[in-house]
Amino acid sequence: MNVIATHINYLLICKRKLWLFANGINMEHNSDLVAQGKWIGENSYDQRANKNEELEVSVAYKPEGFREEISLNAKIDFFDAKKGVVHETKKSDAFEEAHRAQVLFYLFVLQKSGVNVSKGIIEYPKQRETVNVELNDEAEKEVKKWIIEVLEIVESETCPPSIKKSKCRNCSYFDFCWSGEEG
Ligand code: SF4
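Draft legend 1. Region of interest: the site of the ligand. In the vicinity of the ligand, the residues found are C14, R16, K17, S162, I163, C168, C171, Y173, F174, C177 and W178. Elements represented by at least two residues in the shell around the ligand include exactly helix 2 (15–22) and helix 7 (174–178). Residue contributions to the shell around the ligand peak at 3 residues, all from helix 7. Residue classes in the shell around the ligand are distributed as 8 nonpolar, 1 polar and 2 charged.

In structure tokens:
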């Protein structure tokens, strides 16, 4: 199995969303918000030659308590190799915890690949905010736990229940989860 940053991100937003995505029920291409987010990521920092800084890393990893190795894959939009910092640009800070988890995952994959890097910056251009992220010992434990949780959820035969929270409003699975519901 491959674990990617989207799995980690969705784990922190909604376990059901993670399960649906991982099981091939993918509606992200229908979402205007996703397209808008991508546009912001690609156009907010024109001064960067970010096409040159994109980085794709894959590394074999054996989670604790698992017999088999899995693959961790990170597709990083902007890696400042000189300063050793991973940058991630987001449209909204509504899911800051999920964004933090995503960047920690990138840093973890880079470290497992032998790249000595521990710092990341999440950028919210619309809000003119940045959030610093660091992969320290505590954060590394969190990443390892998230990877195991992703594997358990993805490999489960049952789809987790809907969460019915404000998170659903902009989710691409909204119709899938709530069609037929009143209000
Ligand atoms: S609509 Fe809500 S319950 Fe359904 S996947 Fe999205 S966040 Fe989860």
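Draft legend 2. Looking closely at the packing of aromatic side chains. Taken as a whole and judged by the stated rule, the model has 2 aromatic pairs. On the numbers, 5.3 Å between centres and 80 degrees between planes, the contact of Y10 with F21 is edge-to-face. Residue Y10 is found in helix 1 (residues 5–13), and its partner F21 is found in helix 2; the two are separated by 11 residues along the sequence. Judged by relative accessible area, which is 7%, Y10 ranks as buried. Its relative accessible area of 18% is what places F21 among the buried residues. Aromatic side chains Y61 and F108 sit 5.4 Å apart centroid to centroid with 85 degrees between the ring planes, which places their arrangement in the edge-to-face category. Here the residue Y61 occupies a position in strand 2 (residues 55–61), and F108 occupies one in helix 5 (residues 96–112), the gap between them amounting to 47 residues. For the pair shown, Y61 and F108 are each scored as buried. In this structure, K17 is placed above the aromatic ring of Y10, and the distance from its NZ or CZ to the ring centre is 4.6 Å.

Draft legend 3. Broad picture of the packing of helix 1 against helix 2. Where helix 1 contacts helix 2, the axes come no closer than 6 Å and their chain directions differ by 145 degrees. Across from T6, H7, Y10, L11 and I13 in helix 1, the residues of helix 2 making contact are K15, K17, L18, F21 and A22. Among the residues forming the contact of helix 1 with helix 2, the class breakdown is 6 nonpolar, 2 polar and 2 charged.

Draft legend 4. The sheet that holds strand 2, seen in detail. A sheet is described by the order of its strands in space; here 3 strands give the open sequence 1-3-2, paired in mixed fashion. For this open sheet the edge positions go to strand 1 (2–4) and strand 2, each flanked by a neighbour on one side alone. Averaged over all neighbouring strand pairs, the angle between strand axes comes to 25 degrees, with direction disregarded. Here 7 bridges tie strand 2 to strand 3 (residues 70–76), and the two strands are oriented antiparallel to one another. Along strand 3, the bridge assignment pairs V57 with A74. Contacting strand 1, strand 2 and strand 3, helix 5 crosses the sheet at an angle of about 115 degrees to strand 3.

Draft legend 5. A look at the environment of P125. Structurally, P125 can be placed in the loop between strand 6 (119–124) and strand 7 (129–134). Looking at P125, the relative accessible area reads 21%, which means it is partly exposed. Separated by 36 residues in sequence, P125 and T89 place their C-alpha atoms 7.5 Å apart.

Criteria and thresholds
Residues numbered from 1 in each chain as written. Predicted model: local features only at pLDDT ≥ 70, side-chain atom pairs only at ≥ 80, totals over all residues. Heavy atoms only, no water. Near = heavy atom within 4 Å. Helix = DSSP H or I, 4+ residues; strand = E, 2+ residues; numbered from the N terminus. Nonpolar A, V, L, I, M, F, W, Y, C, P; charged D, E, K, R; others polar. Phe/Tyr/Trp six-rings, centres within 6.5 Å; stacked < 30°, edge-to-face > 60°. Buried < 20%, exposed > 50% of the residue type's maximum accessible area, 1.4 Å probe, protein only. Lys NZ or Arg CZ within 6 Å of the ring centre and 35° of its normal. Axes fitted to C-alpha atoms, helices over the stretch in contact; angles between N-to-C directions. Contact = heavy atoms within 4.5 Å. Pairing = 2+ DSSP bridges.

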